[in-house]
Amino acid sequence: MRILVTGGAGFIGSAVVRHLIHETSHEVLNVDRLTYAGNLESVAPVADSPRYRFAQADIGDAAAVRDLLAQFRPDAVMNLAAESHVDRSIDGAGAFVQTNIVGTYVLLEEVRRYWGGLDEAAQGRFRLLHVSTDEVYGALPMPDPEAGPGQAPLFTEASRYQPSSPYAASKAAADHLVQAWHRTYGLPTLLTNCSNNYGPYQFPEKLMPLVILNALAGQPLPVYGDGQQVRDWLYVADHARALVRVLEAGEPGAVYNIGGHNERSNLAVVRSLCRLLDELAPESPGYPHAGLITFVEDRPGHDQRYAIDAGRIERELGWAPAETLDSGLEKTVRWYLDNGEWCRRVQDGAYRRERLGAPASALPGQQPRTPLAE
Ligand SMILES: NC(=O)c1ccc[n+]([C@@H]2O[C@H](COP(=O)([O-])OP(=O)(O)OC[C@H]3O[C@@H](n4cnc5c(N)ncnc54)[C@H](O)[C@@H]3O)[C@@H](O)[C@H]2O)c1
């Protein structure tokens, strides 16, 4: 397949792009606006593949998206472009409304126009996979300690949408648009709602990399409130594999919840990371690292618990996560210890300043109107 991936320079998008190039024979066009969260150094391992291309464009720019669809002629589109950081959405929701809602609308319209121009067989094969989050469902109560194992409530594909943050609300709105474009226009869409991801190449503003890098620098490890908020953690490579599985075998119009069956409180995750760092980096100035844990004022509207019932994707598509939380945490800590240069260039902004010189390959034989480098 020829797959157009939006947001492929981000944390999860780059994992999808690396997976597609390393593990499949599909061709990839990575379309990314390169906001602060987009980093071409996260796709450096595949940048030289003849099956990989990059174009810098905004999913909300209808003309640019139209051009890229016409040039690349994809068999499928995977939409991972988004504003994704909850705290940033609380400080300013405008970019979230623009990219997550308006951008998704523009992409849907341009994909619908492109799909409408395909022949019948190609129309039948075409898929648009929209990647979303479990945060659209709002918060779950903490499990009743009296209830037996397996009795705790989980998010299913039928759970009601009750988003708490501006980020979650913008993702919920986009999900509704995607469903409407399927029901109204017959566009063959797929929708996935996934739990919290972690792993290599995640930006240091998110919990796990922030904790690892602060701990190594001997700096405080901020934990919101009492740290008892529970998240269902999924290793990012498991998510990438799930998305490709849904793309290849999912039922058009269907929703798939994706999760790792790995519920753990934020405080427990931070403590696990500290234990791993004590073992793997005993010479660091922060040792023993748990002494750096600092409780800070809670985030407004902070959801108490998320947990996913991933039964559908497991039963119908045969997907299961390969990593447990403990094996994934160890891989993650080792990756950050081994990739200090990637982290340093994100932290000091070099990954953005030096973008002009970054390798960007044009579509063969074409001069797209969309600039391929900033
Ligand atoms: N990170 C998680 O834990 C998680 C969990 C479930 C779902 N998701 C969803 O997965 C998707 C990817 O998340 P992520 O963590 O990789 O995010 P990210 O912030 O790391 O990456 C987003 C990417 O999108 C690009 N982008 C932003 N606005 C754009 C625009 N208008 N046009 C084109 N590109 C644009 C950015 O440059 C960046 O490369 C998002 O839709 C997010 O809602 C994330």
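Everything quoted here is computed from the prediction, not taken from an experiment. (Residues numbered from 1 in each chain as written. Predicted model: local features only at pLDDT ≥ 70, side-chain atom pairs only at ≥ 80, totals over all residues. Heavy atoms only, no water.)

(A) How the structure looks around the overall build of the protein chain. For the protein chain, the helix and strand inventory stands at 13 helices and 13 strands. Over its C-alpha trace the protein chain gives a radius of gyration of 20 Å, about what one expects of a compact globule, namely 21 Å for 374 residues. Principal-axis analysis of the C-alpha atoms gives the protein chain an extent of 60 × 50 × 35 Å. A total of about 15500 Å² of accessible surface is found on the protein chain, and carbon and sulfur atoms cover 50% of it. Positive and negative charge centroids in the protein chain, built from 34 and 46 side chains respectively, lie 5 Å apart. (Helix = DSSP H or I, 4+ residues; strand = E, 2+ residues; numbered from the N terminus. Rg over C-alpha atoms; globule rule 2.2 N^0.38 Å. Areas by Shrake-Rupley, 256 points an atom, 1.4 Å probe, with all protein chains shown as cover. Lys, Arg positive; Asp, Glu negative; His and termini not counted. Charge placed at Lys NZ, Arg CZ, Asp CG, Glu CD.)

(B) A look at the nonpolar core. Met-78 and Ile-313 are the most contacted members of the largest nonpolar core, which has 46 residues in total. The element best represented in this core is helix α8 (residues 236-249), accounting for seven residues. Formed by 31 residues, the second largest nonpolar core is a distinct cluster that contains Val-211, Val-223, Tyr-235 and Val-270. (Core = buried A, V, L, I, M, F, W, Y, C linked by side-chain atoms within 4.5 Å. Buried < 20%, exposed > 50% of the residue type's maximum accessible area, 1.4 Å probe, protein only.)

(C) Structural context of the packing of aromatic side chains. One pass over the structure, following the stated rule, counts 16 aromatic pairs. Each ring, one from Tyr-114 and one from Phe-126, has its centre 5.9 Å from the other, and the planes form 65°; the classification is edge-to-face. Here the residue Tyr-114 occupies a position in helix α4 (residues 94-116), and Phe-126 occupies one in the loop between α5 (120-125) and β5 (127-133), the gap between them amounting to 12 residues. Positioned over the ring face of Tyr-185 is Arg-112, at 3.7 Å from the centre of the ring. Over the ring of Tyr-256 we find Arg-312, and its NZ or CZ is 4.9 Å from the ring centre. (Phe/Tyr/Trp six-rings, centres within 6.5 Å; stacked < 30°, edge-to-face > 60°. Lys NZ or Arg CZ within 6 Å of the ring centre and 35° of its normal.)

(D) Looking closely at the site of the ligand. Ile-12, Asp-32, Ser-84, Tyr-167 and Lys-171 are the nearest of the 29 residues found near the ligand. Here Gly-38 contributes a backbone N or O atom positioned 3.5 Å from an oxygen atom of the ligand. For the ligand, an oxygen atom lies 3.5 Å from a polar atom in the backbone of Ala-82. Listed by contribution, the elements that provide at least two residues to the shell around the ligand are α1 (11-23), β5 and α6 (166-185). Its residues placed into classes, the shell around the ligand shows 13 nonpolar, 12 polar and four charged. (Near = heavy atom within 4 Å. Polar contact = N/O pair within 3.5 Å; in protein donor to acceptor, adjacent residues only side chain to side chain. Nonpolar A, V, L, I, M, F, W, Y, C, P; charged D, E, K, R; others polar.)

(E) Seen up close, the sheet that holds strand β6 (residues 189-194). In space, the seven strands of this open sheet follow the order β3-β2-β1-β4-β5-β6-β11, with parallel pairing throughout. Here the strands that pair on one side only, and so sit at the sheet edges, are β3 (52-56) and β11 (255-258). Adjacent strand axes in the sheet meet at a mean angle of 20°, parallel and antiparallel pairs treated alike. Where α4 meets the sheet, its contacts fall on β1 (2-6), β4 (76-79) and β5, and the angle it forms with β4 comes to roughly 175°. (Pairing = 2+ DSSP bridges. Axes fitted to C-alpha atoms, helices over the stretch in contact; angles between N-to-C directions. Contact = heavy atoms within 4.5 Å.)

(F) Local environment of the pattern of salt bridges. Overall, the coordinates contain 16 salt bridges when judged by the stated rule. Residues Asp-238 and Arg-241 are paired through a salt bridge, measuring 2.7 Å at the closest nitrogen-oxygen approach. Taken together, the residues Asp-238 and Arg-241, both in helix α8 and three residues apart, mark about one turn of the helix. Judged by relative accessible area, which is 29%, Arg-241 ranks as partly exposed. For the salt bridge of Arg-334 with Glu-330, the shortest nitrogen-to-oxygen distance reads 2.9 Å. Remark: Glu-330 and Arg-334 occur in helix α11 (residues 325-338); sequence separation between them is four residues, near one turn of the helix. Arg-334 gets classed as partly exposed once you look at its relative accessible area, which sits at 41%. One continuous salt-bridge network, built from bridges that share partners, spans Arg-66, Glu-110 and Arg-113. (Salt bridge = Lys/Arg side-chain N within 4 Å of Asp/Glu carboxyl O.)

(G) Highlighting the packing of α11 against helix α12 (residues 340-347). Their axes nearest at 5 Å, the elements α11 and α12 cross at an angle of 75°. Here α11 lies roughly perpendicular to α12, going by the angle between them. Note on element contacts: α12 touches α11 through Gly-340, Trp-342 and Cys-343, opposite Trp-335, Tyr-336, Leu-337 and Asp-338. Class assignment for the residues of the contact of α11 with α12 results in five nonpolar, one polar and one charged. (Parallel < 35°, antiparallel > 145°, perpendicular 65-115°, else oblique.)

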